[in-house]
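A look at the structure
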Amino acid sequence: MKFLPLLLLVHAGEHDRIQTCITAEIPDSLAGVSGFTLQRLEDGKVLPVQRIPATPPKIAFLLGKPLAKGKTRTFKLAEAKNKTGNHPALVTLHEGNGKLSFQAGGRPVLTYNHETVLPPKGIGREFSRSGFIHPVHSPSGQILTDDFPRQHHHHQHGLFHAHTKILLDGKTLDVWNQKSRQAGVRHLGFNPGETYSGPVLGGFTTRFLVEDIRKPDKPHPLLHEQWRVQVQPRQDVFLFDIEISQTSAMERGIEIKKHHYGGMAIRGPEDWTAERPGVGILTSEGRDRIAGNHSQPEWVDIHGPVDGQPGGIAVIAHPSSFRHPQHVRLHPKMPYFCFAPMVAGNYHISHNKPQVSRYRYIAHTGKPDPTLNNRVKNDFYNPPRVTFKIP
């Protein structure tokens, strides 16, 4: 290996770090280097490094063995011939039939639907939609989300984002409840150069248009929306992040009216209804779907049996998100919840300043593990610090 004249140091800070994914800005002096490899100084172990699309440029790597709080680990930095350092891909992707799917070690993680998905027979065409994630899998292969639920809420699509009350010219438009046929969400395209896979991470950036569709032949743009998605598989769970940013398509901006639900939502399997054994919703404050409704938790875990064993998804909202800590809508019976900033009151989305929220998802096999959820939350809220020094 061709070692570079810099050492990379990872500082654990106030928390223990276990299976943590580290990202770091590339120093200006190394901006022209195509790729990197790391060698752990204490034992010589070589770790894969991946250069990821970002401004400024960044690298990502998995920490490897645990690092105790207050401790620092040092790595030698070596030059590689390409962005993935010639290491085999841990995260792979496949695009076809209007879907972009990610796998980790050959196991399915999630699928993004960028072409319009039509509902099954018996459900109206007004519930068609593009621009959502489904299915999401647990590490054991369980499908943890649902699309076009047959008995209730046909408008719910895996992981989706929608407003319930957009104020326009004195009237409110509903994007969430598609049966109203007032407004809709449409995938526009992927950002060039920002769909990737590799030995550490995978991801993509996608753009949507939220439209007034009351006149179907003349839709009117309301909001521009962007999702930045990053897949971070681990040995025990699948992690992925979604960063959502919105701007008004109109110079005067857009008003979102207060409502008891809306925002970033997750729909679980149809049989995860409240009366079923083993089904539940748990918040970071230890509350259930009734006590936790309209609370402001750090995370929410929806869970239940799939294929004879428990599984679920926890969602963590980042402190940098709009109106953090956001309120949550936990349905008293149905298998869905959402982070809903409109619960706190009306707000304005401007034309030139993006409104941003960030979420981390933990797809797990087994019952909810609050200790794990909090450990992942610590990495999300306060990631390890990275520094460089000349040896």
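Below is a summary of the structure that appears in this document. None of these values were measured; they are calculated from a predicted model.

Now for the sheet that holds strand β2 (residues 21–25). Read from one edge to the other, the open sheet built from three strands follows the order β2-β6-β5, with strand pairing classed as antiparallel. Each end of this open sheet is capped by a strand with a single partner; those strands are β2 and β5 (50–52). Taken over all neighbouring pairs, the strand axes of this sheet differ in orientation by 30 degrees on average, direction set aside. Relative to strand β6 (residues 58–62), β5 runs antiparallel, the two sharing three bridges.

Along its 12 residues, helix α1 (residues 370–381) runs 16 Å from first to last C-alpha, staying within 8% of the 16 Å computed at 1.5 Å per residue. Along α1, the positions that sit buried rather than exposed are Leu-372, Asn-373, Val-376, Lys-377, Asn-378, Asp-379, Phe-380 and Tyr-381. The inward-facing, buried residues of α1 abut β18 (238–248), β22 (299–306), β23 (309–317) and β27 (355–365). The N-terminus of α1 is capped by Asp-369, whose side-chain oxygen sits 3.1 Å from the backbone nitrogen of Thr-371.

What follows is about the packing of aromatic side chains. Per the stated rule, a full pass over the model turns up 15 aromatic pairs. Taking the centre distance of 5.9 Å and the plane angle of 20 degrees together, the rings of Phe-102 and Phe-204 count as stacked. Highlighted residues: Phe-102 in strand β9 (residues 99–104) and Phe-204 in strand β16 (residues 202–212), separated in sequence by 102 residues. Residue Phe-204 is classed as buried on the basis of its relative accessible area of 1%. Centre to centre, the rings of Phe-339 and Tyr-359 are 5.5 Å apart; their planes meet at 45 degrees, and the pair counts as tilted. With Phe-339 in strand β25 (residues 336–339) and Tyr-359 in strand β27, the pair connects residues that are 20 residues apart, well separated along the chain. Ring pairs connect the aromatic residues Phe-102, Tyr-112, Phe-190, Phe-204, Phe-208 and Trp-227, which therefore count as one cluster. The ring of Phe-3 carries the charged tip of Lys-76 above its face, separated from the ring centre by 5.0 Å.

Okay, a nonpolar patch on the surface next. A surface patch of nonpolar side chains, amounting to about 270 Å² of accessible area, comprises Met-1, Phe-3 and Val-46. Along the chain, Val-46 turns up in strand β4 (residues 46–48).

Attention shifts here to the side chain of Thr-145. For Thr-145, the position within the fold is in the loop between β11 (132–136) and β12 (159–162). You can call Thr-145 buried: its relative accessible area is 3%. Of note is the side chain of Thr-145, whose polar atom sits 2.8 Å from the side chain of His-134. Separated by 3.1 Å, the side chain of Thr-145 and the backbone nitrogen of Val-136 make a polar contact.

Turning to the pairing of strand β1 (residues 2–11), a few remarks are in order. Summarising burial for β1: seven of the 10 residues are buried, a large majority. Summarising the sheet, β1 and strand β7 (residues 72–80) pair through seven bridges and their orientation is antiparallel. What sits directly across from Lys-2, in β7, is Glu-79. Pairing analysis gives five bridges linking β1 to strand β28 (residues 385–389), with the strands arranged antiparallel. Residue pairing in the sheet places His-11 in a bridge with Arg-385 of β28.

Calculation rules
Residues numbered from 1 in each chain as written. Predicted model: local features only at pLDDT ≥ 70, side-chain atom pairs only at ≥ 80, totals over all residues. Heavy atoms only, no water. Pairing = 2+ DSSP bridges. Helix = DSSP H or I, 4+ residues; strand = E, 2+ residues; numbered from the N terminus. Axes fitted to C-alpha atoms, helices over the stretch in contact; angles between N-to-C directions. Expected span 1.5 Å × (residues − 1). Buried < 20%, exposed > 50% of the residue type's maximum accessible area, 1.4 Å probe, protein only. Contact = heavy atoms within 4.5 Å. Polar contact = N/O pair within 3.5 Å; in protein donor to acceptor, adjacent residues only side chain to side chain. Phe/Tyr/Trp six-rings, centres within 6.5 Å; stacked < 30°, edge-to-face > 60°. Lys NZ or Arg CZ within 6 Å of the ring centre and 35° of its normal. Patch = residues over 30% accessible without salt bridge, like charges linked within 9 Å, V, L, I, M, F, W, Y side chains within 5 Å. Areas by Shrake-Rupley, 256 points an atom, 1.4 Å probe, with all protein chains shown as cover. Salt bridge = Lys/Arg side-chain N within 4 Å of Asp/Glu carboxyl O.

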